[in-house]
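Now for the letters of each chain:
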Amino acid sequence: MGQSNHSSLHGFILLGFSDHPKLEMVLSGIVALFYVITLVGNTAIILASLLDSHLHTPMYFFLRNLSFLDLCFTTSIVPQMLVNLWGPDKTISYVGCVIQLYVYMWLGSIECLLLAVMSYDRFTAICKPLHYLVIMNPHVCVKMIIMVWGISLTNSVILCTLTLNLPKCEHNVLDHFLCELPAMVKIACVDTTAVEMSVFALGIVIVLTPLLLILMSYGYIARAVLRMKSKAGQRKAMNTCGSHITVVSIFYGTIIYMYLQPGNSASQDQGKFLTLFYTIITPSLNPLIYTLRNKDMKDALKRLMAFDCKSKKMKNWK
């Protein structure tokens, strides 16, 4: 770490929405509300899919991983964000900022790849139903998850290390509410073209390649569904895939708009609101999307609630 980066060791100032103090009060309430929804919704999905034997399938194994990921993703951001929004102290320690930067990039990359894995699972279930449980056996599912987390960690280490090594010339003010890679690049006092090109290149691999695989999977799925003679079969296939398509559209739409465009084409406030959307709002919507469109999950949640009520009654009876 050179002398030019010495001051950053004392920490960073996160401006967030400090120019709009009234907006900060409103946003703090909204963020806290959606965080609670995220915690409750994703925890319910994890418990329901673990406790209900009907949901011990590859599809719900990957859904559990997505819910766990959403819990980790929001928890790595929201506590610090609420501190930033609630009080006058807008600082974050250097170590805290570095940890948030690496974890944020790691978990965001995982979600991109995990959604692609989930689309492959749906492709196999619908297009190769007779071989589904052989292809997507438990060992393969675990290996796919390990690969997703490993590739994402490598991506995070490369990009974040490149960014942190940029000289900052004592600049420590980030015009954001979290330690995000583009915000860190902006405070560098040297030419950042090489780093930006690296971000763009790895963005192609981590964002667009999985999206291409998702589109190909759903192309084959659409063809298979149209060939089905049973209307009930078509309806079931569309219900199980519809939830995933909705989540993919929301997540990838925001990510592509945020990261795969020229750096100055969106205003800073617009960028903050988009980041707020895919880091806070999207994880809270996932449980609702997967529950409302999925009969098996709704039934599992009902059984979980019924079991909980029964347990309480037995305790009261004793």
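Basis of the calculations
Residues numbered from 1 in each chain as written. Predicted model: local features only at pLDDT ≥ 70, side-chain atom pairs only at ≥ 80, totals over all residues. Heavy atoms only, no water. pLDDT = per-residue confidence, 0-100. Helix = DSSP H or I, 4+ residues; strand = E, 2+ residues; numbered from the N terminus. Buried < 20%, exposed > 50% of the residue type's maximum accessible area, 1.4 Å probe, protein only. Contact = heavy atoms within 4.5 Å. Axes fitted to C-alpha atoms, helices over the stretch in contact; angles between N-to-C directions. Parallel < 35°, antiparallel > 145°, perpendicular 65-115°, else oblique. Left-handed = near helix turned anticlockwise from the far one by under 90°. Nonpolar A, V, L, I, M, F, W, Y, C, P; charged D, E, K, R; others polar. Salt bridge = Lys/Arg side-chain N within 4 Å of Asp/Glu carboxyl O. Disulfide = S-S within 2.5 Å. Polar contact = N/O pair within 3.5 Å; in protein donor to acceptor, adjacent residues only side chain to side chain. Patch = residues over 30% accessible without salt bridge, like charges linked within 9 Å, V, L, I, M, F, W, Y side chains within 5 Å. Areas by Shrake-Rupley, 256 points an atom, 1.4 Å probe, with all protein chains shown as cover. 1 Å grid on protein atoms, 1.4 Å probe; cavity = no way out; pocket = protein on both sides within 12 Å on 5 of 7 lines; lining within 4 Å. Points joined across faces, edges and corners; volume = space filled by probe spheres on them. Phe/Tyr/Trp six-rings, centres within 6.5 Å; stacked < 30°, edge-to-face > 60°. Pairing = 2+ DSSP bridges.

S.K.: Just to check I follow, could you spell out the confidence of the model for the chain for this structure?
M.R.: Caution is warranted with low-pLDDT regions, since their predicted coordinates should not be read in detail. In the predicted model, the chain carries a mean pLDDT of 83, and 89% of its residues have values of at least 70. Mean pLDDT per element in the chain: helix α11 (residues 295–317) is the minimum at 67, and helix α6 (residues 138–164) is the maximum at 94.

S.K.: How should the environment of isoleucine 151 be read in this particular structure?
M.R.: Among the secondary structure elements, isoleucine 151 is positioned in helix α6. The exposure class assigned to isoleucine 151 is partly exposed, which follows from its relative accessible area of 41%. Along the chain, isoleucine 151 and isoleucine 206 lie 55 residues apart, while their C-alpha atoms are 8.9 Å from each other. Filtering out sequence-adjacent residues up to four positions away, isoleucine 151 remains in contact with Leu113 and Ile206.

S.K.: Could you clarify how one ought to interpret the packing of helix α2 (residues 58–75) against α6 in this entry?
M.R.: In a pair of packed helices, the angle between the axes and the distance between the axes together describe the arrangement. Between α2 and α6, the least distance of the axes is 11 Å, while the angle of their chain directions is 25°. Here α6 runs roughly parallel to α2, going by the angle between their axes. The two elements α2 and α6 cross, and the hand of that crossing is right-handed. On α6, the residues touching Pro58, Phe61, Phe62, Asn65 and Phe68 of α2 are Cys141, Val142, Met144, Ile145 and Trp149. When the residues that make up the contact of α2 with α6 are grouped by side-chain class, the tally is 9 nonpolar, 1 polar and no charged.

S.K.: Just to check I follow, could you spell out the pattern of salt bridges for this structure?
M.R.: Opposite charge on two side chains lets them pair, provided their charged atoms get close. A full pass over the atoms with the stated rule returns 3 salt bridges. Note that glutamate 24 and lysine 90 form a salt bridge whose closest N and O atoms lie 2.8 Å from each other. With glutamate 24 in helix α1 (residues 21–51) and lysine 90 in the loop between α3 (78–86) and β2 (91–92), the pair connects residues that are 66 residues apart, well separated along the chain. This pair shows no difference in class: glutamate 24 is buried, exactly as lysine 90 is.

S.K.: I keep staring at the state of the cysteines and nothing clicks. Help me out?
M.R.: Simply put, disulfide is the name for a covalent bond between the sulfur atoms of two cysteines. For the structure shown, the criterion picks out 1 disulfide. Cysteine cysteine 241 shares no disulfide, and the gap to the nearest cysteine sulfur, in cysteine 127, comes to 8.7 Å. Taking the relative accessible area as the measure of exposure, cysteine 241 reaches 2% and is therefore buried.

S.K.: How should the side chain of serine 67 be read in this particular structure?
M.R.: Following the sequence through the fold, serine 67 ends up in helix α2. Relative accessible area serves as the criterion here: at 2%, serine 67 is assigned to the buried category. Here asparagine 42 takes part through its side chain, which lies 3.3 Å from a polar atom of the side chain of serine 67. If sequence neighbours within four positions are ignored, serine 67 has contacts with Asn42, Ile45 and Ile46.

S.K.: I'm lost on a nonpolar patch on the surface in this one. Help?
M.R.: Together, Phe200, Ile204, Val205 and Leu208 make up a nonpolar patch on the protein surface, roughly 300 Å² of accessible area in all. Note that isoleucine 204 resides in helix α8 (residues 193–227). For isoleucine 204, a relative accessible area of 30% corresponds to the partly exposed category.

S.K.: Would you explain empty space enclosed by the protein in this entry?
M.R.: One water molecule sets the probe size; rolling that probe over the atoms shows where empty space is left. As enumerated under the stated definition, the model contains 2 cavities of 30 Å³ or more in all. What the second largest cavity holds in volume is close to 70 Å³. Met59, Phe62, Leu63, Met118, Asp121, Arg122, Thr240, His244 and Tyr290 together form the lining of the second largest cavity. Mapped onto the lining of the second largest cavity, the elements with two or more residues apiece are α2, α4 (94–127) and α9 (231–259). A per-class count over the lining of the second largest cavity returns 5 nonpolar, 2 polar and 2 charged.

S.K.: What should I look at first to understand the packing of aromatic side chains in this one?
M.R.: With the rule as written, the count across this model stands at 8 aromatic pairs. When the centroid spacing of 5.5 Å and the interplanar angle of 20° are considered together, the rings of phenylalanine 73 and tyrosine 104 count as stacked. With phenylalanine 73 in helix α2 and tyrosine 104 in helix α4, the pair connects residues that are 31 residues apart, well separated along the chain. Just as phenylalanine 73 is buried, tyrosine 104 falls in that class too. For the pair phenylalanine 251 and tyrosine 252, a centre-to-centre distance of 5.7 Å together with 90° between the ring planes defines the contact as edge-to-face. Like tyrosine 252, phenylalanine 251 is buried. Cluster of aromatic residues (ring-pair linked, three or more members): Phe68, Trp106 and Trp149.

S.K.: Looking at this structure, I do not really get the environment of glycine 219. What am I missing?
M.R.: Within the secondary structure, glycine 219 is located in helix α8. For glycine 219, a relative accessible area of 39% corresponds to the partly exposed category. For the pair formed by glycine 219 and phenylalanine 123, sequence separation is 96 residues and the distance between their alpha carbons is 9.2 Å.

S.K.: Where do I start with the sheet that holds strand β1 (residues 12–14) in this structure?
M.R.: Whenever strands of a sheet pair, they do so through backbone hydrogen bonds, lying parallel or antiparallel. The mixed open sheet is built from 3 strands, whose spatial order is β2-β1-β3. Either end of the sheet is taken by a strand with one partner, and the two such strands are β2 and β3 (173–174). Across 2 bridges, β1 lies against β3 in parallel orientation. Bridge pairing in β3 links leucine 14 to leucine 174.

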